[in-house]
Amino acid sequence: MRSADKLSAAVFGGLADTHYHFGAIISSDMAGRMQLNQIDELPMFATPLRNRHRHKVRFRLVLPLLFALVCACAEEGGADDKQNVSADVFSRIADLHTRLSHENAVELPMKMRSLLSGEFQFYRGSADLYYDWCAKHASDWADDKAAFLRLHGDIHIGNIGTLRTIGPGGTAIGFGLVDFDETVEGPFQLDLLRGAVSLRFAARDHDHPLADESWHRVVAAMCDAYAEAISGKVSVARLEAEHKSIRALMDEASSGKPWKHAKKYLMKKRDDKFARVRLKKKKPSDIMDPVDANTRSEVINALWDARDLRGKRLVDSIGLSDRDRLDAAVRDVARWTRLGSAGSQGLSKFLVLLDRKVIGEHGPFIIELKEEPAPAAERAGYLAASKGGKTRARDVVEGHERLWMQSPWCVGYSAIGDKGFLVRSKGPWAEELDEDDFKGMAGAMRAAKIIGSSVGMAHRAGLRSATGNNQAVVQTIQDRLAKAAAEIEQRGKLLDDHLRAQFNNLKNDPRAAKLVQQADAYVVESALRNESSNR
């Protein structure tokens, strides 16, 4: 049904109820195109129709005028891309996340809760809407195959951090891009645009929106840092020396103890069972739901079957080389919901608690299994990638390795049914930068340089680990960077406006509000059960 038909139907339906006010009908169904006070200024709308017979003449005059006004506004909105922002953002999100159930509180309801917790969180969690926009407004980049390389796919300051790696000298803490759920082959500009626009959202989150001149400087700083890094002139040691925030993060990741990290997720005075809720600053941050016997068995089987890229069984790296030993080590399994999550919110995630008495120095120890569906760029129809399942999970592990040029420690892939899962250790070595550390214009400039450098180093690593004439790709990127910077500056502002309008559209959608209430009720219920179990 066309928008004009929907609007007129709503108006005709409203007339059947003598308590409806014409202004209210139009204001709600026009989705902001006309303000309620503008409608009420027209004399014919000044009085509620509480009695249809008293206002028979007015009723007959209003109806054709109202219908004409509805059609005219609908046509005007359809002609203006900014007005017709994607009128039904809720349905588009549901279409892009068909694996998420509307009824299960930890799936689509929790996704909506995360998206609507704030503008910056919306941006972090809406990579699919980002690629949806790019498919319409950046198709020229997708046509430029000479500038393709392995992308991270979801760049923002919170996806830059530390990772535990393993090499000839043993394990070490490294710094770079993290969380490779959206990794895909594509044009280099996509990672830069995603990272740049994240800074606009973060700046507004700190009440310091980027004016045009500031925006120009931020984009230029990011692209300059990227150019240096992809040319091989930037190292992690240099970034540590230049940025206090990176030094602090590396120190924190290096000094953390696995058993202390694990205890944050366990019941009080017990090291053999997950708590129902983890509190952070007295607020729920993680929920660990118990699983049934069948799910527990499936998760343990998936852990046993998990492999790294060389085909080695993942649990061998923590001394569990036979199945009986693994079964003896597993103390608890829970479905995990991290309330601060954004992009992967709603997907299946599990935590497995391993006994320190079985695995010795590594324990108590937690392994995470995280569902890996097709990436957002594929779901939005913008770029081609593996569709999902175990193949997609392997792609994500490959993203870890290619974009770091080092092997991540205890990271592999497996499957449960038709779902592919990333399988990795969960410990204090996985830390992320916090956007709250980059406030004001000075903070935005620091963040822009870190993003540019981190993306450039990762892209260079990805090219070095691939086959073909990679120096030619680097030269192609360098040749395109000046034009790319101007396009990122221009397109970034348009994308920012578009996604903010989508956020406001979703915020005012009663269907989204209903799902958020469902998720909120689940959080409250979990907190109450956790309190009861700790008594």
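Above this text is the structure in question.
First things first, this report covers the structure right here in the doc. (Residues numbered from 1 in each chain as written. Predicted model: local features only at pLDDT ≥ 70, side-chain atom pairs only at ≥ 80, totals over all residues. Heavy atoms only, no water.)

### Observations regarding the pairing of strand β8 (residues 349-354)
(1) Moving on: Taken across its six residues, β8 has six buried, putting it largely inside the fold.
(2) Moving on: A two-sided burial pattern is seen for β8, the buried positions comprising Lys349, Leu351 and Leu353 on one face and Phe350, Val352 and Leu354 on the other.
(3) Moving on: Taken together, the five bridges between strand β7 (residues 330-338) and β8 define a ladder with antiparallel strand orientation. Bridge pairing in β8 places valine 333 opposite valine 352.
(4) Moving on: Strand direction decides the pairing type here: β8 and strand β9 (residues 365-371), joined by six bridges, are antiparallel. Note on β9: the bridge partner recorded for phenylalanine 350 is leucine 369. (Buried < 20%, exposed > 50% of the residue type's maximum accessible area, 1.4 Å probe, protein only. Helix = DSSP H or I, 4+ residues; strand = E, 2+ residues; numbered from the N terminus. Pairing = 2+ DSSP bridges.)

### Things to note about helix α19 (residues 389-402)
(1) Moving on: In a regular helix each residue adds 1.5 Å, so 14 residues correspond to 20 Å; α19 covers 20 Å between its end C-alpha atoms and thus fits that length.
(2) Moving on: Most of α19 is tucked away: 11 of the 14 residues are buried.
(3) Moving on: All buried positions along α19 are accounted for by Gly389, Arg392, Ala393, Asp395, Val396, Val397, Glu398, Gly399, His400, Glu401 and Arg402. (Expected span 1.5 Å × (residues − 1).)

### Comments concerning the packing of aromatic side chains
(1) Moving on: Overall, the coordinates contain nine aromatic pairs when judged by the stated rule.
(2) Moving on: Among the aromatic side chains, those forming a connected cluster through ring pairs are Tyr130, Tyr131 and Tyr382. (Phe/Tyr/Trp six-rings, centres within 6.5 Å; stacked < 30°, edge-to-face > 60°.)

### A few points about the pattern of salt bridges
For side chains bearing opposite charge, pairing can occur when the charged atoms are close.
(1) Moving on: Evaluation of the coordinates by the stated rule reveals 35 salt bridges.
(2) Moving on: Close ionic contact of aspartate 520 with arginine 113 constitutes a salt bridge, the shortest N to O distance being 2.7 Å. Of this pair, aspartate 520 sits in helix α22 (residues 510-533) while arginine 113 sits in helix α6 (residues 108-115), and the two are 407 residues apart along the sequence.
(3) Moving on: On the basis of relative accessibility, which here comes to 24%, the residue arginine 113 falls in the partly exposed class. (Salt bridge = Lys/Arg side-chain N within 4 Å of Asp/Glu carboxyl O.)

### Overview of the sheet that holds strand β2 (residues 160-167)
(1) Moving on: The strand order across the open sheet formed by three strands is β3-β2-β10, and the pairing between neighbours is antiparallel. The open sheet has two free edges, formed respectively by β3 (170-177) and β10 (407-408), since each of these has just one partner strand.
(2) Moving on: Of the strands in this sheet, β2 and β3 are in contact with helix α13 (residues 244-255), which crosses β3 at around 145 degrees. (Contact = heavy atoms within 4.5 Å. Axes fitted to C-alpha atoms, helices over the stretch in contact; angles between N-to-C directions.)

Without other data, these values stay purely geometric and don't point to any function.
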